[in-house]
Amino acid sequence: MLDCRGGGKGGIMNHALRAMLLVAVTVLAAGAVQAQGSRQAAVVEDLAGKVAGVEVFDFLEPGKTITLPAGARLVLGYMQSCTRETITGAGSVTIGESGSRVTGARLQQEQLKCAAANQLAQGQAGKSAAMVFRGQPGSGRKKAEIPQPSAVLMYTAPAFAVAQPGQLTIERLDVAETVQVFQVSGKLFDYGKTGKKLDAGGYYRVELNGRTTVFHISLDAGEGSGPLLLRLVRF
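Residues numbered from 1 in each chain as written. Predicted model: local features only at pLDDT ≥ 70, side-chain atom pairs only at ≥ 80, totals over all residues. Heavy atoms only, no water.

> Please provide a residue-by-residue account of the pattern of salt bridges, values included.
Taken as a whole and assessed by the stated rule, the structure comprises 11 salt bridges. With a shortest N-O distance of 2.9 Å, glutamate 55 and lysine 187 are connected by a salt bridge. One end of the pair, glutamate 55, is in the loop between strand 1 (42-48) and strand 2 (59-60); the other, lysine 187, is in the loop between strand 14 (180-184) and strand 15 (188-190), with 132 residues separating them in the sequence. Judged by its relative accessible area of 32%, lysine 187 is partly exposed. (Salt bridge = Lys/Arg side-chain N within 4 Å of Asp/Glu carboxyl O. Helix = DSSP H or I, 4+ residues; strand = E, 2+ residues; numbered from the N terminus. Buried < 20%, exposed > 50% of the residue type's maximum accessible area, 1.4 Å probe, protein only.)

Now the structure itself:
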C-alpha cells in the first residue's frame, strides 16, 4: 500500500502517482459508460411525415424518444428480437432494447423469422471455429476453410450498413467467382438496387475500409429484397 503522507521528493512522487491513477480510473469509467450507451437496438426502415431527429437507415440507441406528428408513419426493425414495428399517427416513441414504448400513436408488431439463425451466427462470431467445404466439380475450388458467418440472411439481396464512403467488395468463399466491387456512400448500400442477387446457400466475405465480415445466404432464402432485418449485414 502506498504511503502518501510523506513530504519531500517521495511525497511529490506519491501524489503524482495518485493523480495518474485517478485519471486512469476516470477514463476507464467514461469509456465503460460510453460503450454501454452506444448500444444500437433498432434501425429506421421507413419514415413518412415530418419527424425531427431521425432519418431512414438511422441506427437508434435505447432511451431515444421520437415525437411523431399527425399523419406520420415510422417503421423500426429491432435487431435483438427480430421484431418489425409500424407506428402511425401522433404520439411519442421511446426506443427500448427489443421493442418500443409507444404513447398515443398506433403500434403494430410483426415477428420476423431471422432471430434463431442470426443468434446462432452471432454466437459463433469471433470464435476460431471454421467450416471446411469441398468445392463442386468444375467450381475451381477444391477445398475451402470458411470462418463462421456473423449473419445468416433470408433474402438474396443483402443490405450493408455503411459507416463512411469507400470501396465495398463482395467475395464468394465456397465457390470460385469474380469479386464484386462497388463504390458506396450514404448510410446503407442496398445490393438489390443493383439489379443483381447472390446465390442461396452461398458464403460471402464483404470488406469496406479495412473492416470485414462473413455472411451466409440461407438455402431457403427468398428472391431479391425483403424486410431489412432479414438481409442486413453490419460490420
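> Account for the packing of aromatic side chains, with residues named and values stated.
All told, the structure shown has five aromatic pairs when counted by the stated rule. A ring pair is formed by phenylalanine 160 and phenylalanine 189, whose centres lie 6.3 Å apart and whose planes are at 15°; its orientation type is stacked. One end of the pair, phenylalanine 160, is in strand 12 (residues 159-161); the other, phenylalanine 189, is in strand 15, and 29 residues separate them in sequence. Neither phenylalanine 160 nor phenylalanine 189 differs from the other in exposure class; each is buried. Judged by centre distance (5.6 Å) and plane angle (15°), the rings of tyrosine 204 and phenylalanine 215 are stacked. With tyrosine 204 in strand 16 (residues 203-208) and phenylalanine 215 in strand 17 (residues 211-222), the pair connects residues that are 11 residues apart, well separated along the chain. Linked through ring pairs, Phe160, Phe182, Phe189, Tyr191, Tyr204 and Phe215 together constitute an aromatic cluster. When the ring centre of phenylalanine 59 is taken as reference, the NZ or CZ atom of arginine 234 above it lies at 4.3 Å. (Phe/Tyr/Trp six-rings, centres within 6.5 Å; stacked < 30°, edge-to-face > 60°. Lys NZ or Arg CZ within 6 Å of the ring centre and 35° of its normal.)

> Break down the sheet that holds strand 14 for me, citing the residues and quoting the values.
With respect to topology, five strands assemble into an open sheet ordered 11-17-16-13-14, the strand pairing being mixed. A single partner strand is all that each edge strand has here, and the edge strands are strand 11 (151-155) and strand 14. Direction aside, neighbouring strands of the sheet carry axes that sit 30° apart on average. Bridging between strand 16 and strand 17 involves six bridges; their strand directions are antiparallel. By the bridge assignment for strand 17, tyrosine 204 is matched with phenylalanine 215. (Pairing = 2+ DSSP bridges. Axes fitted to C-alpha atoms, helices over the stretch in contact; angles between N-to-C directions.)

> So what's going on with the environment of alanine 90? Which residues, and what values?
By the element assignment, alanine 90 lies in the loop between strand 5 (83-88) and strand 6 (91-94). The class of alanine 90 is partly exposed, set by a relative accessible area of 41%. Separated by 22 residues in sequence, alanine 90 and leucine 68 have C-alpha atoms that sit 5.0 Å apart. With residues up to four places along the chain from it excluded, the contact list for alanine 90 reads Leu68, Pro69, Ala70, Thr103, Gly104 and Ala105. (Contact = heavy atoms within 4.5 Å.)

> Give a detailed account of the sheet that holds strand 2, specifying residues and quantitative values.
Spatially, 2-1-4-5-8 is the arrangement adopted by the five strands of the open sheet, whose pairing is antiparallel. Strand pairing shows two members of the sheet lacking a second neighbour, strand 2 and strand 8 (106-111), which therefore form its edges. With six bridges connecting them, strand 5 and strand 8 associate as antiparallel partners. Its bridge partner being in strand 8, threonine 83 is matched across the sheet by glutamine 111.

These figures come from the coordinates and say nothing about function on their own.
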